[in-house]
There are 2 protein chains.
Amino acid sequence: METPVSTEAVEPPPFDVFARACPSRETLEHVTGRWGSLTVGALREGPCRFNELRRRVDGVSEKMLSQTLQALERDGIVHREAQPTNPPRVDYELTPLGREVAGRLASLIHLLEGSMEQVLTARQAYDTTRGSR
Amino acid sequence: METPVSTEAVEPPPFDVFARACPSRETLEHVTGRWGSLTVGALREGPCRFNELRRRVDGVSEKMLSQTLQALERDGIVHREAQPTNPPRVDYELTPLGREVAGRLASLIHLLEGSMEQVLTARQAYDTTRGSR
DNA sequence: CGGAATCCAGGTTGATACTG
DNA sequence: CAGTATCAACCTGGATTCCG
């Protein structure tokens, strides 16, 4: 018996974020980026129009929100539903994959929000120790 | 019965990453930032020296790794253990909080690595639909 | 080895203005 | 409303050099 060789791919390519060239690293960055994580988190509350999303994500500019949404839509994390009405109405919502991602992200966010006292204490300790080097 | 009022803070301040000025947003960015997530992920495999960490996180420069580690140390996510030997030896490891964070991050990373086929397919669909607008 | 400091190019950001 | 275009300003990140 020879090494089995089929005409179709026998094994899915391994994806590893720790490797510089792996496309999974890009997606991780889209999802965890400065506005990516907040946008996904905001969409977790339900479908949302562009400007409402802007309000939920305090501080994001139109441009950044637009760019972020496009990257997330391209990766299949967010679904964009445009209605050809006038004035235009566009709704964004998470895809099934997006909901899974959002869940894990929310878990991280909640952990951090709940640990901020501890973080703030650590910062003070660090600053008095190293700040006044 | 009156509303209970004690002399010490009755309620911990609410932390909300979606609010522009909340310090939790900074910590989220340290943890999910371009190198933050990979550094924390790499430290999950165990304590590690500076240059070994550089090898684990493919593509980081000394400067970025150094900056990233300092931010994470300040937030109490990473512990730095320096030995005053010559040559110097410094070990980094996750704190208990860091391990919790790393766990949630790993969960997200694994999800994404396992979904990349789907993501790549979504990208192709997007590019053929919108790319040739 | 483990960093800190400096320099600098280029990418990212966010007003502002404009379009459909 | 839902974006896109433009542009200056800022910041990121890499390379290099030097120190303990």
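What you are looking at is a predicted structure, and each value in this text was computed from that prediction instead of being measured.

**Student:** Would you explain the interface of chain A and chain B in this entry?
**Tutor:** Bring the parts together and some accessible area is lost; that lost area is often taken as the interface size. Opposite the 55 residues of chain A that make contact, chain B presents 55 residues. Of the roughly 5200 Å² buried where chain A meets chain B, counting both sides, 62% is carbon and sulfur surface. Where chain A packs against chain B, one counts 10 salt bridges. Scanning the region where chain A abuts chain B turns up 21 residue pairs in polar contact (both at pLDDT 80 or more).

**Student:** For this particular structure, what's the right way to read the UniProt feature "domain: HTH hxlR-type" (unreviewed entry) in chain A?
**Tutor:** In the numbering used here, UniProt assigns the "domain: HTH hxlR-type" (unreviewed entry) feature to residues 22–120 of chain A. Spanning residues 22–120 of chain A, this segment combines 64% helix with 14% strand, and its end C-alpha atoms are found 35 Å apart.

**Student:** Would you mind showing me how to read the pairing of strand β2 (residues 78–83) of chain B here?
**Tutor:** Walk down a regular strand and you will see the side chains alternate between the two sheet faces. Residues and elements named next belong to chain B. Judged from the 6 bridges that link them, β2 and strand β3 (residues 89–94) form a sheet pairing that is antiparallel. Bridged to H79 within β3 is E93. Linking β2 to β3, which pair antiparallel, is a turn of 5 residues.

**Student:** Sorry if this is basic, but what is going on with the protein's contact with DNA strand C here?
**Tutor:** Close to DNA strand C lie 19 residues, the nearest being K63(A), N51(B), Q70(B), R80(B) and Y92(B). Sugar plus phosphate: this is where 64% of the atoms of DNA strand C within 4 Å of the protein reside. N51(B) is positioned with one of its side-chain polar atoms (N or O) 2.7 Å from a phosphate oxygen of DNA strand C. Q70(B) is positioned such that a nitrogen or oxygen atom in its side chain is 2.8 Å from a phosphate oxygen of DNA strand C. The set of elements that each furnish at least two residues to the surface near DNA strand C consists of α4 (62–74) of chain A together with α3 (50–56), α4 (62–74) and β3 of chain B.

**Student:** Explain the relation of the copies chain A and chain B here, please?
**Tutor:** The relation between the two chain copies is a rotation about an axis coupled with a shift along that axis. The two copies are related by a screw operation: chain A maps onto chain B through 180° of rotation and 0.0 Å of translation along the axis, at an RMSD of 0.1 Å. Taken together, the rotation angle and the small translation identify this as a two-fold axis. Rotation axis and chain A: the residue whose C-alpha lies nearest the axis is T32(A), separated from it by 2.7 Å. Both copies contact each other with a shared surface, as 100% of the interface residues of chain A are interface residues in chain B too.

**Student:** How do you make sense of the protein's contact with DNA strand D when you look at a structure like this?
**Tutor:** Around DNA strand D sit 18 residues, and of these R49(A), S66(A), R80(A), Y92(A) and K63(B) come closest. Put simply, 60% of the atoms of DNA strand D that lie within 4 Å of the protein are in sugar or phosphate. In the environment of DNA strand D, a phosphate oxygen lies 2.7 Å from a nitrogen or oxygen atom belonging to the side chain of R49(A). Where the surface near DNA strand D is concerned, the elements lending two or more residues are α3 (50–56), α4 and β3 (89–94) of chain A together with α4 of chain B. No other element matches α4(A), which puts 4 residues into the surface near DNA strand D. Partitioned by chemical class, the residues of the surface near DNA strand D number 7 nonpolar, 5 polar and 6 charged.

**Student:** I keep staring at the environment of G98(B) and nothing clicks. Help me out?
**Tutor:** Residue and element names in this part refer to chain B. Residue placement: G98 occurs in helix α5 (residues 96–131). In this structure, the C-alpha to C-alpha distance between G98 and H79, residues 19 residues apart in sequence, is 8.8 Å. Those residues in contact with G98 that lie beyond four places of it in its chain are V40 and I77.

Rules and cut-offs
Residues numbered from 1 in each chain as written. Chains lettered and ligands numbered in written order. Predicted model: local features only at pLDDT ≥ 70, side-chain atom pairs only at ≥ 80, totals over all residues. Heavy atoms only, no water. Contact = heavy atoms within 4.5 Å. Buried area = accessible area lost by both parts, 1.4 Å probe. Salt bridge = Lys/Arg side-chain N within 4 Å of Asp/Glu carboxyl O. Polar contact = N/O pair within 3.5 Å; in protein donor to acceptor, adjacent residues only side chain to side chain. UniProt positions renumbered as here; feature names shortened; annotations may be inferred. Helix = DSSP H or I, 4+ residues; strand = E, 2+ residues; numbered from the N terminus. Pairing = 2+ DSSP bridges. Near = heavy atom within 4 Å. Least-squares fit on C-alpha atoms with pLDDT ≥ 70 in both. Nonpolar A, V, L, I, M, F, W, Y, C, P; charged D, E, K, R; others polar.

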